[in-house]
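Below are the chains, spelled out letter by letter.
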Amino acid sequence: MWGRHTGKRLAEPGRRMAGRGRALLSPAVLLVVAQLVWAPDPYGEECRSKTYPPSGPTFKGNVPTYVINLDLPASKRWDNLMHDKKTELKTVVQNIKDIANTFFPSGKVVDIVDNKIAHLTATLPYPFNEELQGIANSSGIPLGEIVIFNIFYEIFTVCTSIVAEDKTGKLYHARNLDFGLFLGWDVKNNSWTLTRELKPLVVNLDFQRNNKTVFRSTNFAGYIGMVSGVKPDLFTLTMNERFSLDGGYVGIFEWFLGRRDGMWMGFLTRTVLENATSYQDAKDRLAKTRLLAPAYFILGGKNSGEGCVITRSRTATLDIWDLDIQKGTWYVVETNYDRWKPPLVLDNRRTPAMKCLNQTMQENISLPTIYDVLSTKPVLNKLTVCTTLMEVYNGHTETYLRECPDPCSPW
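Nothing here was measured: the structure is a model prediction, and the numbers come from that model.

Undergrad: Any chance you could explain the nonpolar core here in plain terms?
TA: In globular proteins that are soluble, nonpolar side chains generally tend to be buried together. Leu-89, Phe-149, Leu-198, Phe-220 and Phe-297 are the most contacted members of the largest nonpolar core, which totals 73 residues. Discounting residues that sit within four places of it in the chain, Leu-89 has contacts with Met-82, Ile-135, Ile-141, Ile-146, Phe-149, Leu-201, Ala-221 and Gly-222. Ranked by size, the runner-up nonpolar core spans 20 residues in total, among them Trp-330, Ile-365, Ile-370 and Leu-374.

Undergrad: For this particular structure, what's the right way to read the sheet that holds strand S14 (residues 331–334)?
TA: Backbone-to-backbone hydrogen bonds pair the strands of a sheet. The strands run either parallel or antiparallel. Read across the sheet, six strands follow the order S1-S16-S15-S4-S3-S14 without closing on themselves; strand pairing throughout is antiparallel. The open sheet is flanked by strand S1 (59–62) and S14, the only strands paired with a single partner. Averaged over neighbouring strand pairs, the angle between their axes works out to 15° when direction is ignored. Where strand S15 (residues 384–391) meets strand S16 (residues 396–402), six bridges bridge the pair, whose relative direction is antiparallel. Residue pairing in the sheet places Thr-388 in a bridge with Thr-399 of S16. On the sheet, helix H10 (residues 350–360) packs against strand S3 (158–165) and S14 and is oriented at approximately 160° with respect to S14. Packing of helix H11 (residues 367–374) onto the sheet brings it into contact with S3, strand S4 (171–178), S15 and S16, and relative to S4 it is tilted by some 25°.

Undergrad: How do you make sense of the environment of Lys-76 when you look at a structure like this?
TA: Along the chain, the position of Lys-76 falls in the loop between strand S2 (65–69) and helix H2 (79–103). Distance in space between the C-alpha atoms of Lys-76 and Ser-138 is 8.5 Å, their sequence separation being 62 residues.

Undergrad: Mind showing me how you'd approach the state of the cysteines here?
TA: What is meant by a disulfide is a covalent connection between two cysteines, made through their sulfur atoms. Taken as a whole, this structure holds two disulfides when the rule is applied. The side chain of Cys-404 participates in a disulfide bridge whose partner is Cys-408; the two sulfur atoms lie 1.9 Å from each other. Every disulfide takes its handedness from the sign of the S-S torsion; for Cys-404 and Cys-408 that torsion is 105°, giving right-handed. Residue class for Cys-404 comes out buried when judged on its relative accessible area of 4%.

Undergrad: Help me understand helix H3 (residues 108–120) in this model?
TA: Three or four residues apart is the spacing at which side chains of an α-helix point the same way, because the helix has 3.6 residues per turn. Between its terminal C-alpha atoms H3 stretches 18 Å, which fits the 18 Å expected from 13 residues at 1.5 Å a residue. At Asp-114, H3 shows its strongest bend, of approximately 30°.

Undergrad: Which parts of the structure should I look at to understand the packing of aromatic side chains?
TA: All chains considered together, the criterion is met by 12 aromatic pairs. Note on Trp-185 and Trp-192: the rings are 4.9 Å apart at their centroids and 80° apart in plane angle, and the pair reads as edge-to-face. Trp-192 carries the same exposure label as Trp-185, and that label is buried.

Undergrad: When you look at the pattern of salt bridges in this model, what are you seeing that I'm missing?
TA: Opposite charge on two side chains lets them pair, provided their charged atoms get close. Following the criterion strictly, the structure yields 18 salt bridges and no others. With a closest N to O distance of 3.9 Å, Glu-45 and Arg-48 form a salt bridge. For Glu-45, a relative accessible area of 28% translates into the label partly exposed. Take Arg-48: its relative accessible area is 33%, and that puts it in the partly exposed class. The salt bridge partner of Glu-145 is Lys-97, with a shortest N-O separation of 3.3 Å. Of the two residues, Glu-145 is situated in helix H5 (residues 143–155) and Lys-97 in helix H2; the sequence distance between them amounts to 48 residues.

Analysis parameters
Numbering of residues starts from 1 in every chain and runs along the sequence as written. Predicted model: local features are reported for residues with pLDDT of at least 70 only, side-chain atom pairs are reported and counted for 80 or more only, and whole-chain, interface and lining totals are derived from all residues. Where side-chain values are given, they derive from all heavy atoms of the structure, hydrogens and water being excluded. By convention a nonpolar core is built from buried Ala, Val, Leu, Ile, Met, Phe, Trp, Tyr and Cys residues, the set being connected through side-chain atoms within 4.5 Å. Exposure is judged per residue with a 1.4 Å probe applied to protein chains only, and the accessible area is read against the type maximum: over 50% gives exposed, under 20% gives buried, and values in between give partly exposed. Two residues form a contact once any of their heavy atoms are found within 4.5 Å. A pair of strands is labelled paired if DSSP reports no fewer than 2 bridges between them. The helix count covers DSSP runs of H or I at least four residues long, the strand count covers runs of E at least two residues long, and both are numbered beginning at the N terminus. Lines fitted to C-alpha atoms define the axes, with helix axes restricted to the stretch in contact, and inter-axis angles between N-to-C directions lie between 0 and 180 degrees. The criterion for a disulfide is a pair of cysteine sulfur atoms lying within 2.5 Å. What a helix is expected to span follows from its residue count: subtract one and scale by 1.5 Å. Throughout, bend refers to the angle between the axes fitted to the seven residues that end at a position and the seven residues that start at it. Pairing of aromatic rings covers Phe, Tyr and Trp, the last through its six-membered ring, and needs centres within 6.5 Å; plane angles under 30 degrees mean stacked, over 60 mean edge-to-face, and all others mean tilted. Any carboxyl oxygen of Asp or Glu that lies within 4 Å of a side-chain nitrogen of Lys or Arg is treated as forming a salt bridge with it.

Below is the structure:
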């Protein structure tokens, strides 16, 4: 249950994004940081209510649904989606390249991405290697840049995930997907540039085999792993980043150097959604598979008590926090910190989320009331791209694009 990733080095104040009128960390953002340090909760608010169905200034729009046909050759599965979203994907990839060029103006990093990393795609397992190549072919974006776009979600996915059980034993799973921290602050619009540019890429996906749904997910177009998904009538799953000194950067560097015994987080969650046959099977796979990056896996099942947060290092499971209705644990909440540690003072989404869940009470818990919790600042913040609501029964999924009007926490 608990707070968000830290430890990323802040950029120099006022440093501008190349040619785009953006600051990696502007004086305005530094002022916000100072306010957060000295004020206990400058952007907090009372728990929201009756925000569902989504409307008003925090609702940015609905999300389209696409079918991914698993019976097609791996290189062709994403063609329809890329036909519709390649322009938006090119915008985001260019943003990432601009950020790289800000830190390394020589352009050598982009050259390495385009000319070296593309060759490493062959080291990825099937079908992921062929799917990445297919996305590159259909989008017209260099393969190395598609790989980097996918790598970003191994180290920058920050979120709030909730699994809750009502008085009848029905389970609900929901999450805010927050992305774009320190990846370009738009001074004019008072927002994270990448967060804004990612919103048109959000899609609901229905993975089918023999014209039948295998699982559903909420994704960014161009990303082939899974950060949120449901296997109908079996389990729901979300993934949150876990910051650690032995973190994603280390695992990815090892992969570049040839040690490839760890699995990409997004590839593991997708494999679990596609192949696991039960809640317990999914739990075992998530707990035991060696990873490239540490992570939190938030898992919900179909039976009373089937809900947990699995805290992972790259090589081991450090903790499994289960629902325990008999002991009063009717929900679990995960942001981006270990539950036995306090959240970062600059990023306490845990406390307001718990406060609002406790205020809601188990007898009133539902997807609409969880949406209220996820709509309460600072659980909702400038990094929030979308909110996803899931029920395991029939694989029900809803996803809504979000906006956090000022005053709003930058994270």
